[in-house]
Amino acid sequence: MCIIPPTPIDATSFSVGEKDHTDVGTSSSGQSEPSTPTTGRRTAAINSILNEGYNDLKDISTQLVDKTALSPQQIMDGWHKSKGCVINGINHWNLYTKYIAKHEDQERWRLVSATIRGQLYAKFKEENKEAWQEILELHDLLENSEASPQHIAHRMQSFGKIKRQLINLVKGAAAKYGFKAALVMCGKVVNEDVSLGFAHTTAGVKKFFETCCWSDEHAMIGHLKAHI
């Protein structure tokens, strides 16, 4: 069964708007991601302004470290989270390349005359607005979860990737929308995927398993494996 994440399309609008410059990356094939501004060498004046700003940021960070006893990384993570941002290093242009391979006919509707993939990508981002990254990440997650690697090493690698994607997904939802989540996942090959299992809870429900299930993470993984 193939599950396709929702991709809302406004059939009455086919004009390409201004390019979104928020997603930066380079595809694995060597093609630069579209909608990315090209900049030349920075001038000495700009470098001077940046260096001054960096020093100011360093001073502020040092003050916060002294006042809170948190590490600089914890402070930066808290800053991004407070702004609804989760830094995960995902190259969404590469994910879109995989997405369009499965839904090319659907994506071509976004342009009156489809030309290059870059234009489709720009239109995809324009029409899906703030949800475009989540659509691609969810599609990639579903693709990975449907695959059935034959060797245990491949399954371990795939399991680890899906685990990281799920954690990033719920972290992003918690930061942006205040969602709370408790996850339990395990491998599905009996007697071979014994080591493949994990449980995760977001900050708001750290004691969910203990208080609601009268169990701990290890027991929850065991219960799930018993139903595979």
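Scroll up to find the structure.
Notes on the structure in this doc start here.

Conventions used here
- Residues numbered from 1 in each chain as written.
- Predicted model: local features only at pLDDT ≥ 70, side-chain atom pairs only at ≥ 80, totals over all residues.
- Heavy atoms only, no water.
- Helix = DSSP H or I, 4+ residues; strand = E, 2+ residues; numbered from the N terminus.
- Buried < 20%, exposed > 50% of the residue type's maximum accessible area, 1.4 Å probe, protein only.
- Contact = heavy atoms within 4.5 Å.
- Areas by Shrake-Rupley, 256 points an atom, 1.4 Å probe, with all protein chains shown as cover.
- Expected span 1.5 Å × (residues − 1).
- Phe/Tyr/Trp six-rings, centres within 6.5 Å; stacked < 30°, edge-to-face > 60°.
- Lys NZ or Arg CZ within 6 Å of the ring centre and 35° of its normal.
- Lys, Arg positive; Asp, Glu negative; His and termini not counted.
- Salt bridge = Lys/Arg side-chain N within 4 Å of Asp/Glu carboxyl O.
- Patch = residues over 30% accessible without salt bridge, like charges linked within 9 Å, V, L, I, M, F, W, Y side chains within 5 Å.

1. Observations regarding the overall build of the protein chain
Within the protein chain, the secondary structure is distributed over nine helices and two strands. Counting across all 228 residues of the protein chain, residues that qualify as buried make up 29%. In the protein chain, the proportion of contacts linking residues at least 24 apart, taken out of those at least 6 apart, comes to 61%. Total accessible area computed for the protein chain in this model is approximately 15,200 Å², and 57% of it derives from carbon and sulfur atoms.

2. Some remarks on the environment of Ala175
Mapped onto the secondary structure, Ala175 falls in helix 7 (residues 152–177). Under the relative-accessibility criterion, Ala175 is labelled buried at 18%. Along the backbone, Ala175 and Gly78 are 97 residues apart, and their C-alpha atoms lie at a distance of 10.0 Å.

3. Quick look at helix 6 (residues 132–146)
With 15 residues, helix 6 extends 21 Å between its outermost C-alpha atoms, agreeing within 8% with the 21 Å of an ideal straight helix rising 1.5 Å per residue. All of the buried residues along helix 6 are Trp132, Ile135, Leu136, Glu137, His139, Asp140, Leu141, Leu142 and Asn144. Packed against the buried residues of helix 6 are helix 3 (92–102), helix 5 (117–128) and helix 7.

4. Section: the packing of aromatic side chains
Counted under the stated rule, the structure contains 10 aromatic pairs. On the basis of an interplanar angle of 85 degrees and a centroid distance of 6.3 Å, the ring pair of Phe159 and Phe198 is categorised as edge-to-face. Here the residue Phe159 occupies a position in helix 7, and Phe198 occupies one in strand 2 (residues 197–201), the gap between them amounting to 39 residues. Neither residue differs from the other here; Phe159 and Phe198 are each classed as buried. An angle of 70 degrees between the planes, with centres 5.8 Å apart, marks the rings of Phe208 and Phe209 as edge-to-face. The exposure class assigned to Phe208 is partly exposed, which follows from its relative accessible area of 29%. When its relative accessible area of 3% is taken as the criterion, Phe209 is described as buried. An aromatic cluster of at least three residues, connected via ring pairs, comprises Trp93, Tyr96, Tyr99, Tyr121, Phe124 and Trp132. Over the ring of Trp132 we find Lys125, and its NZ or CZ is 5.2 Å from the ring centre.

5. Comments concerning the side chain of Glu137
Structurally, Glu137 is set in helix 6. As a buried residue without a salt bridge, Glu137 has its nearest oppositely charged side chain in Lys176, at a separation of 8.5 Å.

6. Overview of a nonpolar patch on the surface
Together, Tyr54, Leu57, Ile60 and Leu64 make up a nonpolar patch on the protein surface, roughly 390 Å² of accessible area in all. Within the secondary structure layout, Leu57 lies in helix 1 (residues 44–68). Leu57 gets classed as exposed once you look at its relative accessible area, which sits at 55%.

7. Digging into the pattern of salt bridges
Applying the stated criterion across every chain, the model contains four salt bridges. Across the pair Asp140 and Lys98 runs a salt bridge, and its minimum N-O distance is 2.5 Å. Note that Asp140 is positioned in helix 6 and Lys98 in helix 3, a separation of 42 residues in sequence. Its salt-bridge partner being Glu126, residue Lys123 comes within 3.7 Å of it at the nearest N-O pair. One end of the pair, Lys123, and the other, Glu126, are both in helix 5, three residues apart, so they sit about a helical turn from each other. Residue Lys123 is classed as buried on the basis of its relative accessible area, which comes to 0%. Since its relative accessible area comes to 28%, Glu126 is described here as partly exposed. Each member of the salt-bridge network shares a partner with another, and the members are Lys123, Glu126 and Glu127.

Just geometry here; none of it tells us what the structure is for.
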